[in-house]
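Spelled out from the first residue to the last, the chains are:
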Amino acid sequence: MANSETPVTVTLTGAGGQIGYALLFRIASGQMLGADVPVRLRLLEIPQGLKAAEGAALELQDAAFPLLAGVDVTDDATAAFDGVNVALLVGARPRGPGMERADLLAANGGIFGPQGAAINAGAADDVRVVVVGNPANTNALIASAHAPDVPAERFTALTRLDHNRALGQLAAALDAPVGGIRDVTIWGNHSASQYPDVSHATLDGAPVLPLLAERFGGADAAERWLAEEFIPRVAKRGAEIIEVRGSSSVGSAASATIDHVRDWVGGTSPGAGWTSVALPSDGSYGVPEGLISSFPVESVDGRLRIVQGLAVSEFSRARIDASVAELAGERDAVRALGLL
Ligand SMILES: NC(=O)c1ccc[n+]([C@@H]2O[C@H](COP(=O)([O-])OP(=O)(O)OC[C@H]3O[C@@H](n4cnc5c(N)ncnc54)[C@H](O)[C@@H]3O)[C@@H](O)[C@H]2O)c1
Ligand SMILES: O=C(O)C[C@H](O)C(=O)O
């Protein structure tokens, strides 16, 4: 990553959309890369989204952020990714009425394939990519497949929002501050099949499973709460937000994206425990190599590494396997469409 005098180039796709708008001001103020790191923003949109992105660029100028070295707005992926250090791939095709999953995968293949190729052609050597646009894991797989010269480990998908949701639900159940909880894990896909796992989580250093047993009146009751309430609540939180707000999560998604990049670049702090990131599997925990699946992850010296050696119970195994099977199905579907 650049030193504090050279601006870091951050490319944001879908910059005229909701999450884009929530992200831009936090990036420009230094919350993502640091209070002493200048940034140059490249905003990529499709033609019909350009006006919204241009309006956001005007507002960025009006906010007079001292760290903001410049803003370019474009609908040209090659220009947008030229020299990019951090690529935030937020723009995606939402599922429309009557669209099947395969239609969505095909439509997004048409976006993430060319964007991967543009990253391959022009990105800086240290490029880091996070895919937010859904289906995020498989979109990241498609982008990576079109960027053969970029190490696959630089392509990630966002499950930090799910991770943060799990922290929030656990804190509420234990009536404890969220900052005392560490080492929850999201496994698998950013979808309803994901597995939010608290088996290694602690609150102020104490394992949460006994605390949950105390809270719910026994270990069986705690396990029932986990299986019937906590896991589905976290996994389907996106749908709950859509139902209550009338549109999908924006502020929390932007916040999680900031957390994801900040921890990747700056490192996870050992005192705060691990985070969750969807990244290409190296075969750890029985997840087939190459699938972009969420794991417990630490970031050290700018590199993400999967936390190794965690015990996986039968309860956890079945849930991890189910989400990984969904990911393998998505991979097979995009492969059949010729997108990989
Ligand atoms: N991974 C997560 O945790 C998570 C959380 C929330 C939302 N999401 C997903 O993030 C995506 C964006 O959400 P939003 O609320 O900002 O949607 P939005 O519709 O407000 O904005 C999306 C923007 O992307 C643009 N876009 C579409 N195709 C593009 C392309 N090829 N290149 C550049 N820009 C393009 C659109 O013009 C639009 O302005 C959606 O796919 C949503 O499902 C993911
Ligand atoms: O669930 C969705 O469709 C939106 C998003 O991925 C979310 O998790 O909020």
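Residues numbered from 1 in each chain as written. Chains lettered and ligands numbered in written order. Predicted model: local features only at pLDDT ≥ 70, side-chain atom pairs only at ≥ 80, totals over all residues. Heavy atoms only, no water.

1. Observations concerning the overall build of the chain
Reasoning step 1: When helices and strands are counted, the chain shows 11 helices and 14 strands.
Reasoning step 2: For 340 residues, the compact-globule formula gives about 20 Å, and the C-alpha radius of gyration of the chain, at 20 Å, lands near that figure.
Reasoning step 3: Principal axes of the C-alpha set define a box for the chain whose edges measure 60 × 45 × 40 Å.
Reasoning step 4: Looking at the 340 residues of the chain, the share that counts as buried comes to 51%.
Reasoning step 5: In the chain, of all internal contacts separated by at least 6 residues, the share reaching a separation of at least 24 is 71%.
Reasoning step 6: Surface summary for the chain: the accessible area is close to 14400 Å², and the carbon and sulfur share equals 51%.
Reasoning step 7: Taking the 25 positively charged and 39 negatively charged side chains of the chain as two groups, their mean positions are separated by 2 Å. (Helix = DSSP H or I, 4+ residues; strand = E, 2+ residues; numbered from the N terminus. Rg over C-alpha atoms; globule rule 2.2 N^0.38 Å. Buried < 20%, exposed > 50% of the residue type's maximum accessible area, 1.4 Å probe, protein only. Contact = heavy atoms within 4.5 Å. Areas by Shrake-Rupley, 256 points an atom, 1.4 Å probe, with all protein chains shown as cover. Lys, Arg positive; Asp, Glu negative; His and termini not counted. Charge placed at Lys NZ, Arg CZ, Asp CG, Glu CD.)

2. A look at the side chain of Asp-162
Reasoning step 1: Relative to the helices and strands, Asp-162 resides in helix α6 (residues 160–174).
Reasoning step 2: Not counting chain neighbours up to four residues away, the residues in contact with Asp-162 comprise Ile-186, His-190, Gln-194 and Val-234.

3. Remarks on the site of ligand 2
Reasoning step 1: Close to ligand 2 lie Asn-134, Arg-165, His-190, Gly-238, Ile-242, Ser-248 and Ser-249.
Reasoning step 2: Separating an oxygen atom of ligand 2 from a side-chain N or O atom of Ser-249 is a distance of 2.7 Å.
Reasoning step 3: Here ligand 2 loses 73% of its free accessible area of 270 Å² to cover by the protein chains.
Reasoning step 4: Judged by its atoms lying within 2 Å of the grid points, ligand 2 is housed in the largest pocket.
Reasoning step 5: Considering only residue class, the shell around ligand 2 consists of one nonpolar, five polar and one charged. (Near = heavy atom within 4 Å. Polar contact = N/O pair within 3.5 Å; in protein donor to acceptor, adjacent residues only side chain to side chain. 1 Å grid on protein atoms, 1.4 Å probe; cavity = no way out; pocket = protein on both sides within 12 Å on 5 of 7 lines; lining within 4 Å. Sits in = over half its atoms within 2 Å of the grid points. Nonpolar A, V, L, I, M, F, W, Y, C, P; charged D, E, K, R; others polar.)

4. As for the site of ligand 1
Reasoning step 1: Around ligand 1 there are 21 residues in total, and Gln-18, Ile-19, Glu-45, Val-132 and Asn-134 lie nearest to it.
Reasoning step 2: Val-132 is positioned with one of its backbone polar atoms (N or O) 3.2 Å from a nitrogen atom of ligand 1.
Reasoning step 3: In the environment of ligand 1, an oxygen atom lies 3.3 Å from a nitrogen or oxygen atom belonging to the side chain of His-190.
Reasoning step 4: When isolated, ligand 1 has an accessible area of 860 Å², and the protein chains bury 82% of it.
Reasoning step 5: At a threshold of 2 Å from the grid points, most atoms of ligand 1 map onto the largest pocket.
Reasoning step 6: Listing elements by their share of the shell around ligand 1, those giving two or more residues are α1 (18–28) and α4 (101–122).
Reasoning step 7: A breakdown of the residues in the shell around ligand 1 according to their chemical character gives 10 nonpolar, 10 polar and one charged.

5. A short note on the sheet that holds strand β11 (residues 206–207)
Reasoning step 1: Spatial strand order, β7-β10-β11: three strands in an open sheet with antiparallel pairing. Edge positions in the sheet fall to β7 (181–182) and β11, since each has one partner strand and no second. (Pairing = 2+ DSSP bridges.)

6. Considerations on the UniProt feature "binding site: NAD(+)" (unreviewed entry) in the chain
Reasoning step 1: Per the UniProt record, the feature "binding site: NAD(+)" (unreviewed entry) sits at Gly-14, Ala-15, Gly-16, Gly-17, Gln-18, Ile-19, Gly-20, Asn-108, Gln-115, Val-132, Gly-133 and Asn-134. Lining the largest pocket, from the set of annotated residues above, are Gly-14, Gly-17, Gln-18, Ile-19, Gly-20, Gln-115, Val-132, Gly-133 and Asn-134.
Reasoning step 2: Relative to the assigned elements, Gly-16 resides in the loop between β1 (8–13) and α1.
Reasoning step 3: With residues near it in sequence (within four places) discarded, Gly-16 still touches Glu-45, Gly-49, Ala-52 and Ala-53.
Reasoning step 4: Tracing the backbone shows Gln-115 in helix α4.
Reasoning step 5: Overall, the relative accessible area of 9% leaves Gln-115 in the buried class.
Reasoning step 6: If we skip the residues at most four places from it in the chain, Gln-115 touches Thr-13, Leu-44, Phe-81 and Leu-89. (UniProt positions renumbered as here; feature names shortened; annotations may be inferred.)

7. Overview of the UniProt feature "domain: Lactate/malate dehydrogenase C-terminal" (unreviewed entry) in the chain
Reasoning step 1: Mapped onto this structure's residue numbering, the UniProt feature "domain: Lactate/malate dehydrogenase C-terminal" (unreviewed entry) falls at residues 159–331.
Reasoning step 2: The span residues 159–331 is 49% helix and 18% strand, and its two end C-alpha atoms sit 18 Å from each other.

8. A short note on the pattern of salt bridges
Reasoning step 1: Scanning the entire structure with this criterion turns up 14 salt bridges.
Reasoning step 2: The partner of Arg-182 in a salt bridge is Asp-183, and the shortest N-O contact between them spans 3.1 Å.
Reasoning step 3: The exposure class of Asp-183 is buried, given its relative accessible area of 8%.
Reasoning step 4: Through salt bridges with shared partners, a single network forms among Arg-160, Asp-259, Arg-262 and Asp-263. (Salt bridge = Lys/Arg side-chain N within 4 Å of Asp/Glu carboxyl O.)

9. With respect to the layout of surface pockets
Reasoning step 1: Roughly 1600 Å³ of volume is contained in the largest pocket.
Reasoning step 2: Together, 49 residues line the largest pocket, and Ala-92, Pro-94, Gly-133, Asn-134 and Ser-248 are the ones closest to its centre.
Reasoning step 3: Of all elements in the fold, only α1, α4, α6, α9 (237–245) and α11 (314–336) reach the threshold of two or more residues within the lining of the largest pocket.
Reasoning step 4: Around the second largest pocket, the lining is made up of 15 residues, and of these Glu-153, Leu-279, Arg-303, Leu-304 and Arg-305 lie nearest the centre.
Reasoning step 5: Of all the secondary structure elements, the ones that give two or more residues to the lining of the second largest pocket are β12 (275–280) and β14 (303–306).
Reasoning step 6: Grouping the constituent residues of the lining of the second largest pocket by class yields five nonpolar, three polar and seven charged. (Points joined across faces, edges and corners; volume = space filled by probe spheres on them.)

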